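# Architecture at a glance
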Amino acid sequence: RAVPPTTITMIEAILRLYTFFLGFAYPGYASYKAIESASKSDDTQWLTYWVVYAFLLIGESLSEYMLVWIPGYRYVKCALIFWLASPRFKGAAVLYDKVVKDALKKAEPHVDKICALVAKGDVGGVRKEVGPALEAVKGLTASLTGKKAAPPVADEKKAE
């Protein structure tokens with residue numbers, strides 16, 4: 001017997017609300033409490049959470065169209081966010097130590113350079129620095145979807 005579409009829509013809405021609460025509302029309030037407390041360990045816990053959560057949101061936004069087709073993805077996402085945000089499990093610290101820290105260490109020189117260019121207002125420099133990374137993401141996306149990657153955009157100065 002098939003599940004009615006309205007039931008699926010209702011479940012989706014509940015999962016989105018739950019994910020919002022677990023991902024933003026609770027950690028936001030807990031971060032406020034941590035800032036106002038004398039302890040620094042809770043500050044570290046919530047800063048770690050926000051770094052890991054941002055890392056995951058970037059990954060999700062780059063692969064969102066593929067993820068939504070995975071059966072049970074929203075359930076897994078809710079469980080992951082609960083694990084990340086839970087002070088009992090300290091999932092954010094675990095994921096940070098095992099994955100995020102090394103990835104950010106590798107990217108740090110490039111990110112620092114891009115931030116400096118943005119601070120100077122050098123849009124051309126940002127485009128030049130970000131271009132290879134975007135091409136790599138396009139290539140990865142093309143290989144995962146089986147579509148050909150779009151050819152790189154020619155540099156405006158070279159075209160002249």
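Here's a quick rundown of the structure. (Residues numbered from 1 in each chain as written. Predicted model: local features only at pLDDT ≥ 70, side-chain atom pairs only at ≥ 80, totals over all residues. Heavy atoms only, no water.)

Take Ser86: it is sitting in the loop between α3 (73–85) and α4 (91–120). Dropping the residues within four chain positions of it, Ser86 is found in contact with Gln45 and Gly91. (Helix = DSSP H or I, 4+ residues; strand = E, 2+ residues; numbered from the N terminus. Contact = heavy atoms within 4.5 Å.)

The next point concerns the packing of aromatic side chains. Counting across every chain of the model gives ten aromatic pairs. Plain terms: the ring middles of Trp46 and Tyr49 are 5.5 Å apart, the flat faces sit at 65° to each other, and that makes the pair edge-to-face. One end of the pair, Trp46, and the other, Tyr49, are both in helix α2 (residues 41–67), three residues apart, so they sit about a helical turn from each other. An identical accessibility class is assigned to Trp46 and Tyr49; each is buried. Ring geometry for Trp50 and Tyr53: centres 6.4 Å apart, planes at 85°, overall edge-to-face. Taken as a pair, Trp50 and Tyr53 lie in helix α2 at a separation of three residues, close to a single helical turn. (Phe/Tyr/Trp six-rings, centres within 6.5 Å; stacked < 30°, edge-to-face > 60°. Buried < 20%, exposed > 50% of the residue type's maximum accessible area, 1.4 Å probe, protein only.)

If you walk through the whole model with that rule in mind, you get four salt bridges. Salt-bridge contacts for Arg74 lead to Glu12; the nearest nitrogen and oxygen are separated by 2.8 Å. With Arg74 in helix α3 and Glu12 in helix α1 (residues 5–36), this residue pair connects regions lying 62 residues apart in the sequence. Residue Arg74 is classed as buried on the basis of its relative accessible area of 18%. Residue classification places Glu12 among the partly exposed residues on the basis of a relative accessible area of 29%. Of the charged contacts, one joins Glu60 and Lys77 as a salt bridge, the two residues approaching to 2.9 Å between their closest N and O atoms. Here Lys77 lies in helix α3 and Glu60 lies in helix α2, a separation of 17 residues in the sequence. Taken individually, Glu60 and Lys77 each receive the classification buried, so the pair is uniform in this respect. (Salt bridge = Lys/Arg side-chain N within 4 Å of Asp/Glu carboxyl O.)

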